[in-house]
Amino acid sequence: MELIQNTPDLSAYLAADEVIDHDHPLVRDTAARLARQAEDSYAYARLTFEFVRDTIPHSADSGDPRVIWRASDVLEQGTGICYAKSHALAALLRAEDIPTALCYQRLAHDDGSGHAVHGLVAVRFNGAWHRQDPRGNKPGVDAQFSLDGERLAWVPDPESNEVDYPVLYAEPHPAVLSVLKAAPDRPYLWKTLPTEL
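Thresholds, definitions, all that
- Per-chain numbering applies: the sequence of each chain, read as written, is numbered from 1 onward.
- Local features in this predicted model are restricted to residues of pLDDT 70 or higher, and side-chain atom pairs are both shown and tallied only at a pLDDT of 80 or more, whereas totals for entire chains, interfaces and linings draw on every residue.
- Here the side-chain values reflect all heavy atoms present in the structure, with hydrogen atoms and water set aside.
- By definition, any uninterrupted DSSP run of H or I lasting at least four residues is a helix, any uninterrupted run of E lasting at least two residues is a strand, and each is numbered from the N terminus.
- For every residue, the accessible area (1.4 Å probe, protein chains only) is compared with the maximum for its type, and the residue is labelled buried under 20%, exposed over 50%, or partly exposed between those bounds.
- Whether two residues are in contact is decided by their heavy atoms, any of which lying within 4.5 Å being enough.
- Accessible surface is estimated by sampling points in the Shrake-Rupley manner with a 1.4 Å probe; for residues, cover comes only from the protein chains shown.
- In this tally, Asp and Glu contribute negative charge and Lys and Arg positive charge; neither His nor the terminal groups of the chain are included.
- A charged residue contributes its charge at one atom only: NZ of Lys, CZ of Arg, CG of Asp or CD of Glu.
- Whether a set of points on the 1 Å grid over the protein atoms alone is a cavity depends on a 1.4 Å probe fitting there but being unable to get out, while an open set qualifies as a pocket with protein on both sides within 12 Å along at least five of seven lines; lining residues are those with an atom within 4 Å of a point.
- Grid points are joined across faces, edges and corners, and a volume is the space filled by probe spheres set on the points.
- Classification used: nonpolar for Ala, Val, Leu, Ile, Met, Phe, Trp, Tyr, Cys and Pro, charged for Asp, Glu, Lys and Arg, polar for all others including Gly.
- We call a pair of cysteine sulfur atoms a disulfide when they lie within 2.5 Å.
- Here a strand pair is declared whenever DSSP counts at least two bridges between the two strands.
- Identification of polar contacts relies on pairs of N or O atoms within 3.5 Å, with a donor-acceptor requirement for protein atoms, meaning one able to donate a hydrogen and the other able to accept it, and with residues adjacent in sequence counted only if both atoms are side-chain atoms.
- Expected helix span is given by 1.5 Å per residue-to-residue step, counting one fewer step than there are residues.

S.K.: What is the right way to read the overall build of the chain from this model?
M.R.: When helices and strands are tallied, the chain shows 7 helices and 6 strands. Dimensions of the chain along its principal axes, counting C-alpha atoms only, are 45 × 35 × 30 Å. The proportion of buried residues among the 197 residues of the chain is 50%. For the chain, the share of sequence-separated contacts (at least 6 apart) that also reach a separation of at least 24 residues comes to 62%. Of the roughly 9000 Å² of accessible surface on the chain, a fraction of 48% belongs to carbon and sulfur atoms. One way to put it: in the chain the 18 positive side-chain charges average out to a point 4 Å from where the 30 negative ones average out.

Shown next as structure tokens:
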């Protein structure tokens, strides 16, 4: 699949905004701490991916009812669903000048009751985009950082009407951000998640 930037301006994938707030002191401090442990930008990207994947539990896995969407809040509160974890990872990567995009998949619910949009990121190295999924591993999910072939949490099944969306967004998709901001808790959010983009 060819990944497509929603804006040709690469600097948009380094920008800070309300959601990917890498200008926030907590994001800057976390990025600086992780950067001290890495010998180069590749090592930093891998370390940061593993930090978000492994130390910030996916709120559905942990049973946390909070809905968080701003990167600094994800780091402060230590929880979030796929979108929130992707926002945190994007902020930490952008803080160290690594272009990072938000991207999405349409996946079927485990119980077959419909579909939901899943969030992940893409990082740019050596002139190419590489998708990464910081959702968090669990039985049946083994996402790994990779610049040599994708190692995502899920591979969409077209026969189940699952989709890999090729667009790389510089900012969260409005359909995603609006439901995150409107949800008072995760059970409510689960009922309102976008089913497609």
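Next comes the rest of the description.
S.K.: Explain the layout of surface pockets to me, please; I cannot follow it from the model alone.
M.R.: The gaps of empty space that remain are located by a probe, the size of a water molecule, rolled over the atoms. Here the largest pocket is characterised by a volume of approximately 530 Å³. For the lining of the largest pocket, the elements supplying multiple residues, two or more each, are α3 (59-62), α5 (82-95), β2 (100-108) and β3 (115-125). Per-element tally for the lining of the largest pocket: the top contributor is β3, with 3 residues. Partitioning the lining of the largest pocket into residue classes produces 12 nonpolar, 3 polar and 5 charged.

S.K.: I'm lost on the state of the cysteines in this one. Help?
M.R.: Disulfide: a covalent bond formed between the sulfur atoms of two cysteine residues. Scanning the entire structure with this criterion turns up 0 disulfides. Here C82 stays free of any disulfide, with the sulfur of C103 as its closest cysteine sulfur at 11 Å.

S.K.: Looking at this structure, how should I read the sheet that holds strand β5 (residues 163-164)?
M.R.: Within a beta sheet, neighbouring strands are joined by backbone hydrogen bonds and run either parallel or antiparallel to one another. Judged by pairing direction, the sheet is antiparallel, and its 4 strands sit side by side in the order β4-β3-β2-β5 without closing on themselves. Because the sheet does not close on itself, it has two edges, and the strands there are β4 (128-132) and β5. Sheet topology places β3 next to β4; 5 bridges connect them, and they run antiparallel. Across the sheet, V121 pairs through a bridge with Q132, a residue of β4.

S.K.: What exactly am I supposed to notice about the side chain of H130 here?
M.R.: Considering the arrangement of structural elements, one finds H130 in strand β4. Reaching out from H130, the side chain makes a polar contact with the backbone oxygen of L147 at a distance of 3.5 Å. Ignoring anything within four residues of it in the chain, the contact list for H130 reads V121, A122, V123, F125, S146 and L147.

S.K.: I'm lost on helix α2 (residues 41-55) in this one. Help?
M.R.: In an α-helix there are 3.6 residues to a turn, and that puts residues three or four apart on one side. Here α2 spans 20 Å end to end across 15 residues, near enough to the 21 Å set by a 1.5 Å rise per residue. Within α2 the residues assigned to the buried category are A43, Y44, A45, T48, F49, F51, V52 and R53. At its buried positions, α2 is contacted by α1 (25-36), α4 (71-77), α5, β3 and β4. The backbone nitrogen of Y42 has a side-chain oxygen 3.2 Å away, supplied by the residue at the start of α2, namely D40.

Structural measurements only, silent on function.
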